[in-house]
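Remarks on the overall topology
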Amino acid sequence: MAFTKKTVRDIDVDGKKVLMRVDFNVPLKDGVVTDNTRIRAAIPTIQYLKEHNAGIILMSHLGRPKGDGPEPALTLKPAAEKLAELTGYDVKFVADTYGDEAAEACAAVKPGDILVLENVRFLKAEKKNDPEVAKKFASYADIFVLDAFGTAHRAQGSVVGAAEYIPAVAGFLLEKEVDTLTGIFADPERPFVAVVGGSKVSSKIGVLENLIESANTLIIGGGMAYTFFLAKGYSVGKSLQEPDWIERAGEMLKKAEEKGCQILLPIDNIVADHFGEDAEGVVVASDAIPDDMMGMDIGPETEKLYCDAVKGAKTVFWNGPMGVFEIEQFAHGTQAVAEAIADSDCTSIIGGGDSVAAINKFGLASKMSWISTGGGASMELVEGKALPGVEALLDA
Ligand code: ADP
Ligand code: MG
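Reading guide: rules and limits
Residues numbered from 1 in each chain as written. Chains lettered and ligands numbered in written order. Predicted model: local features only at pLDDT ≥ 70, side-chain atom pairs only at ≥ 80, totals over all residues. Heavy atoms only, no water. Helix = DSSP H or I, 4+ residues; strand = E, 2+ residues; numbered from the N terminus. Rg over C-alpha atoms; globule rule 2.2 N^0.38 Å. Buried < 20%, exposed > 50% of the residue type's maximum accessible area, 1.4 Å probe, protein only. Contact = heavy atoms within 4.5 Å. Areas by Shrake-Rupley, 256 points an atom, 1.4 Å probe, with all protein chains shown as cover. Lys, Arg positive; Asp, Glu negative; His and termini not counted. Charge placed at Lys NZ, Arg CZ, Asp CG, Glu CD. Expected span 1.5 Å × (residues − 1). Bend = angle between axes of the 7 residues up to and from the residue. Salt bridge = Lys/Arg side-chain N within 4 Å of Asp/Glu carboxyl O. Pairing = 2+ DSSP bridges. Axes fitted to C-alpha atoms, helices over the stretch in contact; angles between N-to-C directions. Near = heavy atom within 4 Å. Polar contact = N/O pair within 3.5 Å; in protein donor to acceptor, adjacent residues only side chain to side chain. Nonpolar A, V, L, I, M, F, W, Y, C, P; charged D, E, K, R; others polar. Left-handed = near helix turned anticlockwise from the far one by under 90°.

Description of the overall build of the chain
Tallying secondary structure elements over the chain gives 14 helices and 17 strands in all. In terms of C-alpha radius of gyration, the chain reaches 23 Å, essentially the compact-globule figure of 21 Å for 396 residues. Structurally, the chain occupies a C-alpha span of about 70 × 45 × 35 Å along its principal axes. Looking at the chain as a whole, 56% of its 396 residues qualify as buried. Considering only contacts in the chain between residues 6 or more positions apart, those separated by 24 or more positions represent 74%. Here the chain displays about 16500 Å² of accessible surface, and carbon together with sulfur accounts for 49% of that area. Here the chain carries 39 positive and 59 negative side-chain charges, and the mean point of each set is 4 Å from the other.

Focus: helix 1 (residues 37-51)
Here helix 1 contains 15 residues, and its C-alpha end-to-end distance of 22 Å stays within 8% of the 21 Å for a straight helix at 1.5 Å per residue. Remark: the principal bend of helix 1, roughly 35 degrees, maps to Ile43, with a proline, Pro44, within the next four residues. Every buried residue belonging to helix 1 is among Ile39, Ala41, Ala42, Ile43, Thr45, Ile46, Tyr48 and Leu49, and all of these are buried. Two residues or fewer past helix 1, Asn53 is found with a positive phi of approximately 65 degrees.

Re the pattern of salt bridges
If charged atoms from side chains of opposite charge come close, those side chains can pair. For the structure shown, the criterion picks out twelve salt bridges. Two residues, Glu175 and Arg9, come together in a salt bridge whose shortest N-O distance is 3.1 Å. Of this pair, Glu175 sits in helix 6 (residues 172-186) while Arg9 sits in the segment before strand 1 (17-21), and the two are 166 residues apart along the sequence. According to the relative accessible area criterion, Glu175 is buried, its value standing at 16%. Among the salt bridges present, the one from Glu85 reaches Lys82, with a minimum N-O distance of 3.4 Å. Here Glu85 and its partner Lys82 are both found in helix 2 (residues 77-87), three residues apart, which amounts to about one turn of the helix.

Concerning the sheet that holds strand 9 (residues 192-196)
Through backbone hydrogen bonds, the strands of a sheet pair up, either in parallel or in antiparallel fashion. Overall, parallel pairing links the six strands, which are arranged 11-10-9-15-16-17 in an open sheet. Each edge of the open sheet is held by one strand with a lone partner, namely strand 11 (262-264) and strand 17 (370-371). Relative to strand 10 (residues 217-220), strand 9 is paired through four bridges, and the arrangement is parallel. Bridge pairing in strand 10 links Val196 to Ile220. Lying over the sheet, helix 10 (residues 300-311) contacts strand 9, strand 10, strand 11 and strand 15 (315-319), oriented at roughly 150 degrees with respect to strand 10. Where helix 12 (residues 353-361) meets the sheet, its contacts fall on strand 15, strand 16 (347-350) and strand 17, and the angle it forms with strand 16 comes to roughly 120 degrees.

Remarks on the site of ligand 1
Around ligand 1, a shell composed of 18 residues is seen, among which Lys204, Asn319, Glu326, Asp354 and Ser355 lie nearest. With respect to ligand 1, the backbone of Ser199 contributes an N or O atom lying 3.3 Å from an oxygen atom. When isolated, ligand 1 has an accessible area of 580 Å², and the protein chains bury 84% of it. Taken together, the elements giving at least two residues each to the shell around ligand 1 come down to strand 14 (294-298) and helix 12. Of the residues forming the shell around ligand 1, the biggest block, three residues, is contributed by helix 12. The residue makeup of the shell around ligand 1, split by class, is four nonpolar, eleven polar and three charged.

So, the packing of helix 6 against helix 13 (residues 375-382)
When two helices pack together, their arrangement is captured by the angle between the axes and the distance separating the axes. Between helix 6 and helix 13, whose axes approach to 9 Å, the crossing angle comes to 35 degrees. Remark: the crossing between helix 6 and helix 13 carries right-handed chirality. Between helix 6 and helix 13, the contacting residues are Glu177, Val178, Leu181, Thr182 and Phe185 on the first element and Ser378, Leu381 and Val382 on the second. In terms of residue class, the contact of helix 6 with helix 13 is made up of five nonpolar, two polar and one charged.

What about the side chain of Gln156?
With respect to the helices and strands, the residue Gln156 is situated in the loop between strand 7 (143-146) and helix 5 (157-160). Residue classification places Gln156 among the buried positions, given a relative accessible area of 7%.

Quick notes on the environment of Glu242
Within the element layout of this structure, Glu242 appears in the loop between helix 8 (225-231) and helix 9 (246-259). Spatially, the C-alpha atoms of Glu242 and Leu49 are 49 Å apart, while their sequence positions differ by 193 residues. If near-sequence neighbours (up to four positions away) are discounted, Glu242 is found in contact with Lys200, Val201, Ser202 and Thr227. Within the local environment of Glu242, its side chain forms a polar contact with the backbone nitrogen of Val201, the two atoms lying 2.8 Å apart.

Observations regarding the pairing of strand 7
Every second residue of strand 7 is oriented toward a common face, with Ile143 and Val145 on one face and Phe144 and Leu146 on the other, all of them buried. The pairing of strand 1 with strand 7 spans four bridges and is classified as parallel. The residue of strand 7 that forms the bridge with Met20 is Val145. Inspection of the sheet shows strand 7 paired to strand 8 (residues 168-170) by three bridges, in the parallel sense. Residue pairing for strand 8: Leu146 is matched across the bridge by Ala170.

Dropping the structure here:
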């Protein structure tokens, strides 16, 4: 259920020109794409449009240009070349987005052609959803398709602008992301276990508060656990902590209890006397963290508790590492929980930049049901917010 907007399947694209906003914001090194995940994610919709005889115009942002004109280091040309390489299709590129050159290239697009425009953020006005930008984009095509899930939470010209002037529908990636991430609130197979970690309560409070509405169990790990410890009256030594959020954390624990959502907090921890590659970890119970130590990872008892909870689940949503996984001796908790999720026969949904990096680092990506391509956008969905890019599309 969940997805309530029209998709490319619901509109006649035969012989039409389609302008599609994709997320080709890929990492580059010396002008070469080093991770093509986001380009691959857009291919099913591109393929569908090509097979259905549409002329395809693609646009995206890349990196953080100043917005005062072209920046050679942030051109989309390498992404266009990577798309050609991955699909075997002939892909044209025009080094312009808003000028005559772009307009001419768009006008020349024939059914079956694929044209990539230059980085949309070479112009500042794009980010502000300037009406002139919106009209310009709409003038390039008959239909607008949004498939850039990673920017769907931004009300910017290339994301929402064209939808005001021409019919706008979703691509398959956007549909699947929204369906999957809102599905955990609609009718998840139960037990539904949510695992949330990472550094701060303040950046995840919306996620936590919404998850307790649906999850049977909410597992808390990472640096944020220590603010919850403070709410429970434990002392946390030099651990990461947010004093301003203790009260809100305590309220969340109470609300979860009222809703029948079980909360699991670490029962033991790996602590160290400083933060660094050379720090040595020792195991301590959660109510016995020494004043001169800081929590770096969940402890072995907690690991077992969390892995058992995940093993019994039918649906798992995971965001945020269980510890400082970038440092080898504090990666164990994150890796153990990730492996338990991978080995469980649950539907596993992973969101968040660092969590996805952790899954990739452990080589577990292929064992997960869905890994979201959008960091901020996936968090906003899980917070229960509507995404402006999705809102702008035609209702199904
Ligand atoms: P995501 O990007 O998956 O949403 P976050 O950005 O919230 O995750 O958190 C990731 C960061 O949290 C990592 O850099 C990790 O080192 C840090 N972290 C996890 N546990 C701790 C801890 N106990 N103390 C300090 N930082 C932590
Ligand atoms: Mg992060």
